[in-house]
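Secondary and tertiary structure notes
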Amino acid sequence: MIGLKSTLNIIDNSGALVAECVNVLKQKVNNGWGSVGDEIVVVVQRARPISAAASASVTAVKVRRGDVRRAVIVRTRKAVRRPDGRQIRFDDNAAVLLNNKREMLGTRIGGVVSADLRMKGWGKIASLAPKVV
């Protein structure tokens, strides 16, 4: 359950570390709350510092503090019920940043993601993750 002003850890290598949700992009089904697999708009609160040498390289940091980006929720503290009756809950809220074409901004994912992503059309994120729960 991610809503306005919720903070999320960014688990890709785009350069952002922490972001704050400012909008949940979906139909008015759940009264403005987002869950795993939902698209949101975030503002980057903390990002990796950018050095002069790194900015010239190909793998330069893609985001800065204050950037407004789209993201996909990949983990939530709120328990999600699976069809077989299991409840899945993670230790933190996490997201992966997207570009305007709904493609991943980073090239790697550093952490566990929910298996519900694959059912919601984010199979690319699930395939790049080191572990899917």
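What counts, and at which threshold
Residues numbered from 1 in each chain as written. Predicted model: local features only at pLDDT ≥ 70, side-chain atom pairs only at ≥ 80, totals over all residues. Heavy atoms only, no water. Salt bridge = Lys/Arg side-chain N within 4 Å of Asp/Glu carboxyl O. Helix = DSSP H or I, 4+ residues; strand = E, 2+ residues; numbered from the N terminus. Buried < 20%, exposed > 50% of the residue type's maximum accessible area, 1.4 Å probe, protein only. Core = buried A, V, L, I, M, F, W, Y, C linked by side-chain atoms within 4.5 Å. Contact = heavy atoms within 4.5 Å.

**Notes on the pattern of salt bridges**
Evaluated as defined, the whole model comprises 6 salt bridges. A cluster of three or more residues bridged by salt bridges with shared partners is formed by Glu39, Arg70 and Arg102.

**A closer look at unusual backbone geometry**
One non-glycine residue, lysine 5, lies in positive phi territory at about 70°. Note on placement: lysine 5 falls in the segment before strand S1 (7-10). The phi dihedral of arginine 102 is positive, around 65°, even though this residue is not glycine. Assignment of secondary structure puts arginine 102 in the loop between strand S7 (94-98) and strand S8 (112-113). Under the relative-accessibility criterion, arginine 102 is labelled partly exposed at 47%.

**So, the side chain of aspartate 38**
As for its position among the elements, aspartate 38 is in the loop between strand S2 (16-25) and strand S3 (39-47). Exposure remark for aspartate 38: the relative accessible area of 11% places this residue in the buried category.

**Focus on the nonpolar core**
Counting 16 residues, the largest nonpolar core has Leu8, Ile40, Val42 and Leu97 as the members making the most contacts within it. Among the elements that make up this core, the one with the highest residue count is S2 (4 residues). When residues no more than four places from it in sequence are discounted, the contact partners of leucine 97 are Ile10, Asp12, Ser14, Ala16, Val42, Val63, Arg69, Arg70, Ala71, Glu103, Met104 and Leu105. One finds Val72, Val74, Leu98 and Leu117 within the second-largest nonpolar core, a separate group that totals 14 residues.

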